[in-house]
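# Chain and residue survey
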Amino acid sequence: MRGVRGLRGSRGIAIAVTAVLVGALATGCDKGADDAEGAGGNGGDGKPGAAATGTAAVTESLAPDGTTVRIGSPQAKTVVHVYEDMRCPVCKKFETEGGGEALRDMVRSGEVRAEYTLASFLDGRGGQGSKKAANALRAALDAGRFAEFHDLLFAHQPEESVDGYTDAFLLDMASRVKGLRGQKFDAAVKGMTYRGFVTASERAFDTSGATGTPTVKVNGKTVPQSMSGALFDKSSLPMVIGALSQS
């Protein structure tokens, strides 16, 4: 899968999950030569908030770099960094059918902290849905509802070719998240308040070494090609995370 680079070691874990990886999805959404637009950055105040993700509350905050969204315990020793484009159908597969569920379970347990960088390169093929969705998610972070809104948007992701993340769609989805809709949030969605964040996030993706989405790093180590299929299997991803966190 493009966007996932190799890593030496962890041979035993790679062999252990081989049966699961056979036939797994082998490609992601590739980053082309598309340019991000906009200027400036809105780093936010970085203050943590609580968000409901499944059955437990988790901490949400913006990292000092102004682009990385942190979900989970600040004390977690293992950090799983996910690079996604909200229009990417392979990211939806990860979040809704595979490893995303396992990652959420590990975050709720306090075992790991998840971090997200939101790319928007797919808009370079036409449209602005990736940017609009990333902007809306940044607004949701202010309300302590990033994780819930993020999961909801992927669960109802429009077809990539449709560019369906419109203001109306995003506000409709937000109505399903308790406590999210309000004058501030609605104005942020309609006015692209966090355009600077969106641009800075795409720049962070560009300089991360990722070439496509989803890309996953564990404590700074990219999940290698030999293990990439585990991203789409709930039972295998925790093993891969454990192996890379100890390597």
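Summarised in this report is the structure supplied together with it.

Turning our eyes to something else, we now look at the overall build of the chain. A count of helices and strands for the chain gives 10 helices and nine strands. Counting all 247 residues of the chain, 53% fall into the buried class. Residue pairs in contact within the chain that sit at least 24 positions apart in sequence constitute 75% of those at least 6 positions apart. Element-wise, carbon and sulfur atoms account for 49% of the exposed surface of the chain, whose accessible area totals about 10400 Å².

Before going further, it helps to examine the state of the cysteines. Inspection of the entire model under this criterion finds one disulfide. Shown here is the disulfide that connects Cys29 with Cys88, its sulfur atoms set 2.1 Å apart. The chirality of the disulfide connecting Cys29 with Cys88 is right-handed, given an S-S dihedral of about 95 degrees. One end of the pair, Cys29, is in strand β1 (residues 29-30); the other, Cys88, is in the loop between β5 (78-85) and α3 (89-97), with 59 residues separating them in the sequence. This pair shows no difference in class: Cys29 is buried, exactly as Cys88 is. Cys88 supplies the cysteine sulfur nearest to Cys91, a cysteine that is in no disulfide, at a spacing of 3.3 Å.

Within strand β6 (residues 112-119), eight of the eight residues are buried, which leaves the element mostly enclosed by the surrounding structure. In β6, alternate side chains face the same way, and those of Val112, Ala114, Tyr116 and Leu118 on one face and Arg113, Glu115, Thr117 and Ala119 on the other are all buried. Here strand β4 (residues 69-71) runs beside β6; their pairing, made up of three bridges, is antiparallel. Looking across to β6, one finds that Ile71 is bridged to Ala114.

What counts as what
- Residues numbered from 1 in each chain as written.
- Predicted model: local features only at pLDDT ≥ 70, side-chain atom pairs only at ≥ 80, totals over all residues.
- Heavy atoms only, no water.
- Helix = DSSP H or I, 4+ residues; strand = E, 2+ residues; numbered from the N terminus.
- Buried < 20%, exposed > 50% of the residue type's maximum accessible area, 1.4 Å probe, protein only.
- Contact = heavy atoms within 4.5 Å.
- Areas by Shrake-Rupley, 256 points an atom, 1.4 Å probe, with all protein chains shown as cover.
- Disulfide = S-S within 2.5 Å.
- Pairing = 2+ DSSP bridges.

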